[in-house]
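A closer look at the structure
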Amino acid sequence: MATIKIIQRTKPLSSGLFPIYLRATKNRKSKFISLNLACEKSQWNDSKHEFRKNFPSYKQFNNSLTEIENRAKKIISDTIAKGNDITLIEFEELFFNFRVNDKITVNDFWDKHIEDLVISGRTGNARFYKDSKRNFMKFMGIDTVFYFKDITPILLSKYEVYLRSNGNMDSGIAVKMRAIRAIYNDAIKKGYAKEENYPFKLYKISKLKTNSNKRALSIDNIIKIRNFNTYESPNLIDAKQYFLFSYYTGGMNFHDMMMLTWENIKEDRIIYVRSKTKGRFTIKVLLPVKEILDYYKNQKRTTKYVFPILLRENLTAQQIENRKGKTLKKYNKDLKSLARACGIEEKITSYVARHSFATNLKQKGVSTDIISEAMGHQNIAITQVYLKDLENDIIDDAMENLL
């Protein structure tokens, strides 16, 4: 009889965190299934096979682990109840709800991918893939059943034409194509699609111009925001504080700010795990950040969170995602008002703080590899995307040095 256990592997990922797997064991052989989760050694309880309290949203993720474990055990018990035995390969196939040797439709595989993201608590990614699938199915036809071999370079080119005819720009098209590519890569990895049919060898997403429209703010404009008196615009206080906090903490993204708790503040450092990459960060608390922390500390709210975004604890993953979407929308709207009030012509969004942090450090002569490490990028090429839109006048000034 096969046994089920959720474990933390002993080999760390490139981020330094240790991955969480579902392990099925039978006859001293094991099958490991990744749960797309990872944490530090100190955040995992080996004896209880669950996250400790020092892991962000540990209750929510432990509930997900329980659901996964129960689902796996039910597969085994249902098979035994029918008087059948089960191999590890058969268990894996049933766990993913389809057989390797059967034809798997793209529709079913895509839905399963979304379901796994939801179970893992990654509701933001799940929503992204759900939206991407909905858009692609509008192009294909809602009731169309198709397989991975049907996604050809010609089909992708037709989809690109369809997207352009509906007002999509290069950057938006690239995002939708990357979703399809990620699904296809996952299908190949799991044996449900053949690499020989891979369409992205010929259809290159890189041909799409993905230069960002997000302009970094100059240091002067950052100072304008910092010096802005919100006495007559109290509705802009949070927008100002959130933006400056993100900027002075190395471009911390909105989700990580939302999930930040007072336990993450250790004297003059902020220590947290970035939700996107699972990388561990320790950031020095600069004076502007200390002023912002003191402001919210004095509010004496009853929740553990630093910012008044999540107003109560023990929310489900979907409730957190809903709250994030609602608050982020208001935040970006308020940033537009803040820019006008400060006399800033550039468009400001929550993401501009991160972009500005990288660009302004570069302008101060900080090397790209140090900026890359500060931002938690896995390679310098990603950082260079942030830095390639330096304003023409800055490049002109540099050229003047030749004279």
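So, a few notes on the structure that sits alongside this text. Everything numeric here is computed off the predicted structure, so don't read it as measured data.

Each value, and the rule that gives it
Residues numbered from 1 in each chain as written. Predicted model: local features only at pLDDT ≥ 70, side-chain atom pairs only at ≥ 80, totals over all residues. Heavy atoms only, no water. Pairing = 2+ DSSP bridges. Helix = DSSP H or I, 4+ residues; strand = E, 2+ residues; numbered from the N terminus. Axes fitted to C-alpha atoms, helices over the stretch in contact; angles between N-to-C directions. Contact = heavy atoms within 4.5 Å. Phe/Tyr/Trp six-rings, centres within 6.5 Å; stacked < 30°, edge-to-face > 60°. Buried < 20%, exposed > 50% of the residue type's maximum accessible area, 1.4 Å probe, protein only. Lys NZ or Arg CZ within 6 Å of the ring centre and 35° of its normal. Patch = residues over 30% accessible without salt bridge, like charges linked within 9 Å, V, L, I, M, F, W, Y side chains within 5 Å. Areas by Shrake-Rupley, 256 points an atom, 1.4 Å probe, with all protein chains shown as cover. Salt bridge = Lys/Arg side-chain N within 4 Å of Asp/Glu carboxyl O. Lys, Arg positive; Asp, Glu negative; His and termini not counted. Charge placed at Lys NZ, Arg CZ, Asp CG, Glu CD. Core = buried A, V, L, I, M, F, W, Y, C linked by side-chain atoms within 4.5 Å. Expected span 1.5 Å × (residues − 1).

Re the sheet that holds strand β1 (residues 3–8)
One open sheet accounts for 3 strands, arranged β1-β2-β3; its pairing is antiparallel. Two strands close off the open sheet at either side, each with one partner strand: β1 and β3 (29–39). Going across the sheet, the axis of each strand differs from the next one's by a mean of 20°, ignoring polarity. Relative to strand β2 (residues 18–26), β1 runs antiparallel, the two being bridged by 6 bridges. Across the sheet, residue I7 finds its bridge partner in β2, namely Y21. On the sheet, helix α1 (residues 58–81) packs against β1, β2 and β3 and is oriented at approximately 155° with respect to β1. This element, helix α2 (residues 88–95), spans β1, β2 and β3 of the sheet and lies at about 35° to β3.

Some remarks on the pairing of strand β7 (residues 269–273)
On a regular strand, each side chain points to the face opposite its neighbour's, so the side chains alternate between the two faces of the sheet. Bridging between strand β6 (residues 265–266) and β7 involves 2 bridges; their strand directions are antiparallel. Paired with I265 across the two strands is I270, which belongs to β7. What sits between the antiparallel neighbours β6 and β7 is a turn of 2 residues, in which E267 has the positive phi angle 55°. Bridge count between β7 and strand β8 (residues 280–284): 5 bridges; the pairing is antiparallel. Across the sheet, residue R269 finds its bridge partner in β8, namely K284. Between the end of β7 and the start of β8, which pair antiparallel, lie 6 residues, with K278 showing a positive phi angle near 65°.

Description of the packing of aromatic side chains
In the structure shown here, the tally under the stated rule is 30 aromatic pairs. Here F139 and Y162 contribute two aromatic rings whose centre-to-centre distance is 5.4 Å and whose plane-to-plane angle is 50°, an arrangement assigned as tilted. Here F139 is found in helix α4 (residues 123–140), whereas its partner Y162 is found in helix α5 (residues 153–165), with 23 residues between them in sequence. With a relative accessible area of 25%, Y162 lands in the partly exposed category. Their ring planes at 55° and their centres at 5.6 Å tell us that Y198 and F200 sit as a pair that is tilted. On the basis of relative accessibility, which here comes to 17%, the residue Y198 falls in the buried class. Residue F200 is classed as buried on the basis of its relative accessible area of 7%. The ring of F18 has K41 lying over it, and the distance from NZ or CZ to the ring centre is 4.7 Å. Sitting over the face of the ring of F95, R71 holds its NZ or CZ atom 4.3 Å from the ring centroid.

Description of a positive patch on the surface
On the surface, K48, R52, K53, K59 and K304 cluster together into a patch of positive charge. Among the structural elements, K53 can be located in the loop between β5 (50–51) and α1. Relative accessible area serves as the criterion here: at 66%, K53 is assigned to the exposed category.

Topic: the nonpolar core
Within the largest apolar cluster, 59 residues are counted, with the highest numbers of intra-cluster contacts made by L22, F51 and F91. With 8 residues, helix α6 (residues 170–189) is the largest single contributor of residues to this core. The residues contacting F91, other than those within four sequence positions of it, are I4, L22, A24, I33, A72, I75, I76 and I86. Core analysis: the next-biggest nonpolar cluster, separate from the first, contains 45 residues, L236, Y247, F254 and F281 among them.

Regarding helix α3 (residues 106–119)
With 14 residues, α3 extends 20 Å between its outermost C-alpha atoms, agreeing within 8% with the 20 Å of an ideal straight helix rising 1.5 Å per residue. Among the 14 residues in α3, 10 count as buried, and that is most of the element. Listed as buried for α3 are V106, N107, F109, W110, K112, H113, I114, D116, L117 and I119. The elements touched by buried residues of α3 are α1, α2, α4 and α6.

Some details on α4
For α4, with 18 residues, the first-to-last C-alpha span of 25 Å sits near the 26 Å given by 1.5 Å per residue. Among all positions in α4, only T123, A126, Y129, S132, K133, N135, F136, M137 and M140 are buried. Summarising the contacts, the buried residues of α4 are in contact with α3, α5, α6 and α11 (317–342). Positive backbone phi, approximately 110°, marks G141, located one or two places after α4.

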